[in-house]
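Observations on the three-dimensional arrangement
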Amino acid sequence: MVFSTNPLSLSVPDPAFESWLRESGYLELLDQRSSSSTTTTPATTAAATSSTTTTNPTITSALTGGLFVSLLSHLITLLSLLTLNPLSKLTTHDFSGQTPSWTRVFIGDFGCYSFPSTADQARLRVHENVKRYARNYASLFILFFACALYQMPLTLIGLISSLALWDIFKFSSDKWGWERYPVIQQVLIRTAQCATAVILVWLNVQMALFCALCVSYTVMILHAAFRKLTPAKQPSRQR
């Protein structure tokens with residue numbers, strides 16, 4: 001027996017059912033619905049066209065056109081990722097929880113990934129996965145930034161020297177009590193800021209930061225788009 005994608009289709013229309021799924025937090029069901037609705041239709045059309053190719057050889061050109069349309073739709077879906085803002089729905093609460101497991105939850109197995117069928121599905125996956133794995137993506141950014149600094153020793157020296165400059169400033173402020181002289185303190189703070197900016201720019205710290213941002217953003221957007229939505233872990237009820 002084959003069930004409809006909307007088990008309440010006789011009483012609840014599809015838009016209302018999808019809005020209820022969004023409000024209730026069952027986003028993984030929306031992901032499955034969009035995947036199943038787009039995979040069943042090409043499968044049936046492919047079966048129909050394969051049965052007709054034995055009687056009409058001209059269907060081969062139609063199959064070629066269908067393949068081109070499929071590749072074009074996949075390309076449009078990938079290009080739609082460039083228009084997304086994955087950090088728009090992030091909050092500080094997303095970074096306050098525990099880091100999801102890297103192997104079982106974040107990476108998963110091969111079956112946890114699929115190509116997003118539509119731009120809406122890609123948008124849904126990106127926004128939800130970025131919220132779920134925010135701490136993992138932040139850890140990856142720190143790792144990529146550390147690797148960039150390792151490849152650029154002078155940049156690492158510049159970052160350490162800027163941190164040492166502020167430590168010296170804090171030590172001097174505590175020792176001589178510059179807080180009693182706010183004008184002198186503000187002048188010294190502005191001088192330290194200018195010196196820090198000169199050191200960071202001169203030793204290309206911004207380049208290491210830019211490279212880490214580009215790599216981490218690419219990994220984040222691709223992982224979030226191809227990672228299937230799984231049911232969120234529900235808290236166990238205590239009796």
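Residues numbered from 1 in each chain as written. Predicted model: local features only at pLDDT ≥ 70, side-chain atom pairs only at ≥ 80, totals over all residues. Heavy atoms only, no water.

**Let's talk about the pattern of salt bridges**
Under the counting rule described, the total for this entry stands at four salt bridges. Of the charged contacts in the structure, one is a salt bridge between K131 and D94, with a shortest N-O distance of 3.1 Å. Of this pair, K131 sits in helix α5 (residues 119–132) while D94 is found in the loop between α3 (59–80) and α4 (102–107), placing the two residues 37 residues apart along the sequence. For D94, a relative accessible area of 14% translates into the label buried. The salt bridge involving D174 is made with K170; its shortest N-O contact spans 3.2 Å. Linking D174 with K170, this pair stays in helix α7 (residues 153–176), spanning four residues, or about one helical turn. (Salt bridge = Lys/Arg side-chain N within 4 Å of Asp/Glu carboxyl O. Helix = DSSP H or I, 4+ residues; strand = E, 2+ residues; numbered from the N terminus. Buried < 20%, exposed > 50% of the residue type's maximum accessible area, 1.4 Å probe, protein only.)

**Some details on the packing of helix α6 (residues 134–151) against α7**
Taken N-terminus to C-terminus, the directions of α6 and α7 make an angle of 115°; their axes are 5 Å apart at the nearest point. One way to sum up the angle between α6 and α7 is to call them roughly perpendicular. In this structure, α6 uses F145, L149, Y150 and Q151 to contact α7, whose residues at the interface are P153, T155, L156 and L159. A class-by-class count of the residues in the contact of α6 with α7 yields six nonpolar, two polar and no charged. (Axes fitted to C-alpha atoms, helices over the stretch in contact; angles between N-to-C directions. Parallel < 35°, antiparallel > 145°, perpendicular 65-115°, else oblique. Contact = heavy atoms within 4.5 Å. Nonpolar A, V, L, I, M, F, W, Y, C, P; charged D, E, K, R; others polar.)

**As for the packing of aromatic side chains**
Within this structure, the stated rule accounts for six aromatic pairs. Ring centres 5.5 Å apart and planes at 85° place the aromatic pair F106 and Y133 in the edge-to-face group. Highlighted residues: F106 in helix α4 and Y133 in the loop between α5 and α6, separated in sequence by 27 residues. Judged by centre distance (6.2 Å) and plane angle (15°), the rings of F141 and F145 are stacked. With F141 and F145 both in helix α6 and four residues apart, the pair spans about one turn of that helix. Given a relative accessible area of 23%, F141 falls into the partly exposed group. In textbook terms, an aromatic cluster arises when at least three aromatic residues are bridged by ring pairs, as seen for W102, F106, Y133 and Y137. (Phe/Tyr/Trp six-rings, centres within 6.5 Å; stacked < 30°, edge-to-face > 60°.)

**Considering the nonpolar core**
Counting residues in hydrophobic clusters, the biggest one holds 13 residues, and the most contacted among them are L81, F106, V126, V130, Y137 and A224. Of all elements in the fold, only α5, α6 and α9 (205–226) reach the threshold of two or more residues within this core. The biggest single contributor to this core is α9, with four residues. Those residues in contact with V130 that lie beyond four places of it in its chain are P86, L87, L90, R125, Y137, M220 and A224. Counting five residues, the second-largest nonpolar core is a separate cluster that includes A148, L149, A208 and A212. (Core = buried A, V, L, I, M, F, W, Y, C linked by side-chain atoms within 4.5 Å.)

**Focus on a nonpolar patch on the surface**
On the surface, a nonpolar cluster with roughly 720 Å² of combined accessible area is contributed by F68, V69, L72, L75, I76, L79 and L82. Here F68 lies in helix α3. (Patch = residues over 30% accessible without salt bridge, like charges linked within 9 Å, V, L, I, M, F, W, Y side chains within 5 Å. Areas by Shrake-Rupley, 256 points an atom, 1.4 Å probe, with all protein chains shown as cover.)

**Some remarks on the confidence of the model for the chain**
Of the residues in the chain, 70% have a pLDDT of 70 or more, and the chain-wide mean is 77. Put simply, helix α2 (residues 27–52) is where the chain has its lowest mean pLDDT, 54, and α6 is where it has its highest, 93. Note that pLDDT drops below 50 for residues 40–55; the model gives that stretch five contacts with residues more than four away or on any other chain. For the stretch residues 234–239, pLDDT sits under 50, and the model shows zero contacts to residues farther than four places along the chain or on other chains. (pLDDT = per-residue confidence, 0-100.)

**Description of α5**
Across its 14 residues, α5 extends 20 Å between first and last C-alpha, which sits within 8% of the 20 Å expected from 1.5 Å per residue. With ten of its 14 residues buried, α5 lies for the most part within the structure. (Expected span 1.5 Å × (residues − 1).)

**A few points about unusual backbone geometry**
One non-glycine residue with positive phi stands out, namely N204, at about 60°. By the secondary structure assignment, N204 is in the loop between α8 (182–202) and α9. For N204, a relative accessible area of 36% translates into the label partly exposed.

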